[in-house]
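Coordinate inspection notes
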Protein chains: 2
Amino acid sequence: MATTTGTATVTVSLFLSILILSFSPSSPLLIEPKAPELRSSRATSRFLGKFAELNKSKALPKSYQYETRYFTQRLDHFGFSNLPTFQQRYLINTDHWLGAERMGPIFLYCGNEGDIEWFAANTGFVWEIAPSFGAMVIFPEHRYYGESMPYGSRDLAYKNADSLAHLTAGQALADFAVLITDLKRNLSAEACPVVLFGGSYGGMLAAWMRLKYPHIAIGALSASAPILQFEDIVPPETFYDIVSNDFKRESMSCFNTIKESWDAIEATGKTAEGLLQLTHTFRICGNLSSSQDLSDWLDSAYSYLAMVDYPYPSDFLMPLPGNPIKEVCRKIDSFPDGTSVLERIFAGVSIYYNYTGAAVDCFDLTDDPHGMSGWDWQACTEMVMPTSSSKSKSMFPASDFDYSSYQEGCSKDFGVNPRPRWITTEFGGHDLRTVLKAFGSNIIFSNGLLDPWSGGGVLQNVSESIVALVTNEGGHHLDLRSSTTEDPDWLVEQRESEIQLIAGWIKSYNEEKMRLSSM
Amino acid sequence: MATTTGTATVTVSLFLSILILSFSPSSPLLIEPKAPELRSSRATSRFLGKFAELNKSKALPKSYQYETRYFTQRLDHFGFSNLPTFQQRYLINTDHWLGAERMGPIFLYCGNEGDIEWFAANTGFVWEIAPSFGAMVIFPEHRYYGESMPYGSRDLAYKNADSLAHLTAGQALADFAVLITDLKRNLSAEACPVVLFGGSYGGMLAAWMRLKYPHIAIGALSASAPILQFEDIVPPETFYDIVSNDFKRESMSCFNTIKESWDAIEATGKTAEGLLQLTHTFRICGNLSSSQDLSDWLDSAYSYLAMVDYPYPSDFLMPLPGNPIKEVCRKIDSFPDGTSVLERIFAGVSIYYNYTGAAVDCFDLTDDPHGMSGWDWQACTEMVMPTSSSKSKSMFPASDFDYSSYQEGCSKDFGVNPRPRWITTEFGGHDLRTVLKAFGSNIIFSNGLLDPWSGGGVLQNVSESIVALVTNEGGHHLDLRSSTTEDPDWLVEQRESEIQLIAGWIKSYNEEKMRLSSM
């Protein structure tokens, strides 16, 4: 589904399947208000689900070596119904492990919403630091993603609400807990300290796992984890406000051009002729049936650009230049006065959708053929992350989070009713600092302020050992990526801080173990 | 099922349903080894289940006033299967509550395996201290007990393994979490601190809830909670060793008489004539079909006597004198030389089974007509607490915990396979001090060393705020009972310590809230 270069069509359906934004009927910008749609409210939640459908055929770096194994898991850890078990895939490397007797640490990445090999390939930090720690590395896959399918196949696992019922964060954490406990027992490595890693939803899992299973892991590096993006803990506008700021800081005129473009697109798309013009200007394959589809496509591009606004060229979601937003804005701003907004916008997003400049006849906005993804289900059950777009600060069309339409859409799509308050009941979130100041330890919350998800992250130290590492120039869990020769100093320093903190956890743990065993 | 006085028959079936002990075939004391039975291995787990079947008709003290309410709960908090909801009963008193604005605390007792009214009646400590704290008091009932039956009735809830599938500790904790969160929201009391209380299994729930839901409760008084009685964390002999020590400390000859009695009973019961003699000597209703039934009945008496070996007369499980073991032993030792072991034993246990001295024709050993209790299910799924009886230290017949027969029995009785390692995976237990020294806060583990469950309790301070209050002369969660004029000083002091610690938690919480809100 990801970009395939050198052919006539760039398939961007992945992104469409993730973000198809429309607006609430109350929006004053809408000339012809549409009926509330599921998509509008679930949109931002879906950004976290970006990994779910990534095509495995996308080449993976071969630099990280691991063995692939499978572990039999219960479908329901919290009950005793007679349900079938399933095979959870996990990747493991013990090459550098100090072994059980020398208390070799175990680094466990909490697999998130996608193929675990893809996360392994994009989490170079863990692979790079493991040898110096003498650590084993494990990447367990999240249930219902990749190859870890209950009921034997993706089709059967995703059949209906009943088959999807056990796709929850709590069950996934229990999978990790059971797996690592069994693995340690088999290796007589019960005493070896486990350190958790995770980015994005995986970072949420890492933090929650440290809180829920302190007896299983001694600490967690939770990167770009929006654990506060629930209910009313943070304002619902943070996501789009941050995306907008990322553009504004590069260029006010770029920000303004984008802000103006929605009306222009909307107005142009009101006639058949106008739609044809949009189709032509944006080189969309087939004919646009609604200007909204185009707006969604653009919204998606801007949002992902903000997430991966890395300081050097990368190929995380798409091949992109370093500081891609700067490039996009440079392009948008580069035209002589009088150039239409639409032309500018097209030139800008081409940086995102076709940076390699391959010969592209048209962009395909066709939706993902696989239909609903696992993250759609998670967003419709537990991961209800309210998102609005403010009229004043955002460059996006104003919209208010509308829970009723959200709920309605979930009911229609999955026959399920979301439980928007369950995550904070299960894991907390409200009043986090008071709670965790007097409870818990050894969590690093790392966030880059360019990342729109940082708005839902923990940005202040909670206690001596629950710390926030915030970087002004960081994107979405950049710290977890492999080091490059182009890493700016602040990134090198951030990773060094993380290494020092993790080393400190392990040292304290070992000292305490030694102290108690000598008593 | 509990003692009914003044009639011709004392029904003791409750205790039989709880403890029906036989021995593993490897036991050297057995002349005719029996095939391994379920009962043998599940026996001690069942002691914790003593509350399950207590007859509601037993008069409850009327001193505590509360309103009875019901709350709609999901059957499965950790999944989205389309299951029916159920009504959870809870008792609530807000008479002394300071209210939301004044941050009035909320005292929540974690209901355990029985009718919640019975726990409310036997947890005077909470009722007595609530007014001075300005605290609201809530006693939510544990699912599948009392009136809190899924599927609409006890019969339907207890129909089979599938209907019982969601009777787990994790689900019960989630019930408490959801209930209190909803209740606080409705009262705009989100900021009010919740303090947890619990005794026995309820104490385990209180400690686990503090660990799993630190955002919901600021601390827990976990009384007589054997959270370490799993797997190999403590030796499986602790329970019977402690019961035995309780008798030994009163009288060595009493201990020896009991230790000798098992062989005498076994030997006598080998013939039909001998069984008749046992039936007669122990005034058993009907005819004993096996001496084992008698041994089980005696084992049960000694074990409960150890649990409720309180320093003053009580009526917790049975009406008993103060220091009942002293009384039992005095009786056993009181006979002239030459009196048979069997006569001595009968006289001794009569203190337990018929202290009131009502005119009793015979004791009824018939099993509980209700069949399996909820605790039986819990013991067959999560609450696998290995129990052995050591040949050297115990006054009971030697026996080794035999997991295979345990498992076999559970399969036969419920069609379920126990998961003996799940509790420690979910809640921890191994290496508790290392884990909790660096994680968690505000838990009091109180234990009385006369209580056989103290062997599985936390008996050492873990950190400054995770403390162990251990009393040499205390029984099973005596501290949670209402104060009496006969309370010894150490008990008064213990309760005072608990009050001070709880007051400290609330004070720190309020100060931190104030500090953060002024920032």
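Described below are features of the structure shown in this document. Remember, predicted model here, so these are calculated numbers, not experimental data. (Residues numbered from 1 in each chain as written. Chains lettered and ligands numbered in written order. Predicted model: local features only at pLDDT ≥ 70, side-chain atom pairs only at ≥ 80, totals over all residues. Heavy atoms only, no water.)

**So, the relation of the copies chain B and chain A**
Basically, it comes down to this: For this overlay, a least-squares fit was computed on C-alpha atoms, restricted to residues scoring pLDDT of at least 70 in both copies. Any two residues whose heavy atoms approach within 4.5 Å are treated as being in contact.
Superposition of chain B onto chain A requires a rotation of 180° combined with a translation of 0.0 Å along the rotation axis, giving an RMSD of 0.0 Å. Classification of the inter-copy transformation places it as that of a two-fold axis. Taken as a fraction of all interface residues of chain B, those also at the interface in chain A reach 100%, which identifies the copy contact as same-surface.

**Topic: the interface of chain B and chain A**
The cut-off we apply is this: Buried area: the accessible surface (1.4 Å probe) lost by two parts on joining, summed over both. Only one rule defines a salt bridge in this text: a Lys or Arg side-chain nitrogen within 4 Å of an Asp or Glu carboxyl oxygen.
Each partner contributes to the interface: chain B provides 53 residues, whereas chain A provides 53 residues. With both chains or domains summed, chain B and chain A bury close to 4400 Å², and 61% of this area falls on carbon and sulfur atoms. Per-residue buried area on chain B facing chain A is highest for F78, F80 and F439 of chain B; these three make up 20% of the total on that side. At the junction of chain B and chain A, the tally comes to two salt bridges. A salt bridge links K513 of chain B to D431 of chain A; the shortest N-O distance between them is 2.6 Å.

**Considering the pattern of salt bridges**
Residues and elements named next belong to chain A. Quick note on the threshold: Secondary structure elements are taken from DSSP: a helix is a run of H or I of four residues or more, a strand is a run of E of two residues or more, and numbering for both begins at the N terminus. Throughout this description, buried means an accessible area under 20% of the type-specific maximum (1.4 Å probe, protein chains only), exposed means over 50%, and partly exposed covers the range between.
A complete count under the given rule lists 32 salt bridges over all chains for this structure. Taking the shortest distance from any N to any O, the salt bridge between R89 and E141 comes out at 2.7 Å. Of the two residues, R89 sits in strand β3 (residues 86–93) while E141 sits in the loop between β5 (136–140) and α5 (154–157), which places them 52 residues apart along the sequence. Classification of R89 as buried rests on a relative accessible area of 1%. Note that E512 is salt-bridged to R515, the shortest N-O span being 3.0 Å. Linking E512 with R515, this pair stays in helix α19 (residues 489–517), spanning three residues, or about one helical turn. A relative accessible area of 14% places E512 in the buried class.

**Digging into the side chain of T434 of chain B**
In plain terms, the rule: Think of a polar contact as two N or O atoms within 3.5 Å of one another; within protein, one of them needs to be a possible hydrogen donor and the other a possible acceptor, and neighboring residues in sequence only count if both atoms come from side chains.
Tracing the backbone shows T434 of chain B in helix α18 (residues 432–437). For T434 of chain B, a relative accessible area of 6% corresponds to the buried category. Within the structure, T434 of chain B has its side chain in polar contact with the side chain of D431 of chain B (distance 2.7 Å). With residues near it in sequence (within four places) discarded, T434 of chain B still touches Y509, E512, K513 and L516 of chain A.

**A closer look at the packing of aromatic side chains**
The test is simple: Pairing of aromatic side chains here covers Phe, Tyr and the six-membered ring of Trp, requires ring centres within 6.5 Å, and sorts the geometry by plane angle: under 30 degrees stacked, over 60 edge-to-face, intermediate tilted. Whether a charge lies above a ring is judged from NZ of Lys or CZ of Arg, which has to be within 6 Å of the ring centre and within 35 degrees of the ring normal.
All chains considered together, the criterion is met by 68 aromatic pairs over all chains. Here the aromatic rings of W208 of chain A and F427 of chain A are separated by 4.1 Å at their centres, their planes lie at 5°, and the arrangement is stacked. Remark: F427 of chain A occurs in helix α17 (residues 422–427) and W208 of chain A occurs in helix α8 (residues 201–212); sequence separation between them is 219 residues. Relative accessible area serves as the criterion here: at 6%, F427 of chain A is assigned to the buried category. On the basis of an interplanar angle of 45° and a centroid distance of 6.4 Å, the ring pair of W208 of chain B and F230 of chain B is categorised as tilted. With a gap of 22 residues between them, W208 of chain B in helix α8 (residues 201–212) and F230 of chain B in the loop between β7 (219–223) and α9 (238–250) connect regions that are remote in the sequence. Taken together through their ring pairs, the aromatic side chains of Y64, Y66, Y109, W118, F119, W127, F139, Y310 and F316 of chain A make up a single cluster. Lying across the ring of Y158 of chain A, R154 of chain A places its NZ or CZ 3.9 Å from the centre.

**Concerning the pairing of β7 of chain B**
All names here are of chain B. Stated precisely, the cut-off is as follows: Here, a strand pair is defined by DSSP locating no fewer than two bridges between the strands. With strands facing away from the observer, any crossover in which the path from the first strand over the helix to the second runs clockwise is taken as right-handed.
Within β7, five of the five residues are buried, which leaves the element mostly enclosed by the surrounding structure. Side chains G219, L221 and A223 of β7 all project onto a buried face; the interleaved residues A220 and S222 project onto the opposite face, where all are buried too. Bridge count for strand β6 (residues 194–199) against β7 is five bridges, and the pairing is parallel. Within the sheet, the bridge partner assigned to G198 lies in β7 and is S222. Where the polypeptide runs from β6 across α8 and back to β7, its parallel neighbour, the crossover connection is right-handed. Pairing geometry for β7 and strand β9 (residues 443–448), over four bridges, is parallel. The residue bridging A223 from the neighbouring strand is S446, located in β9.

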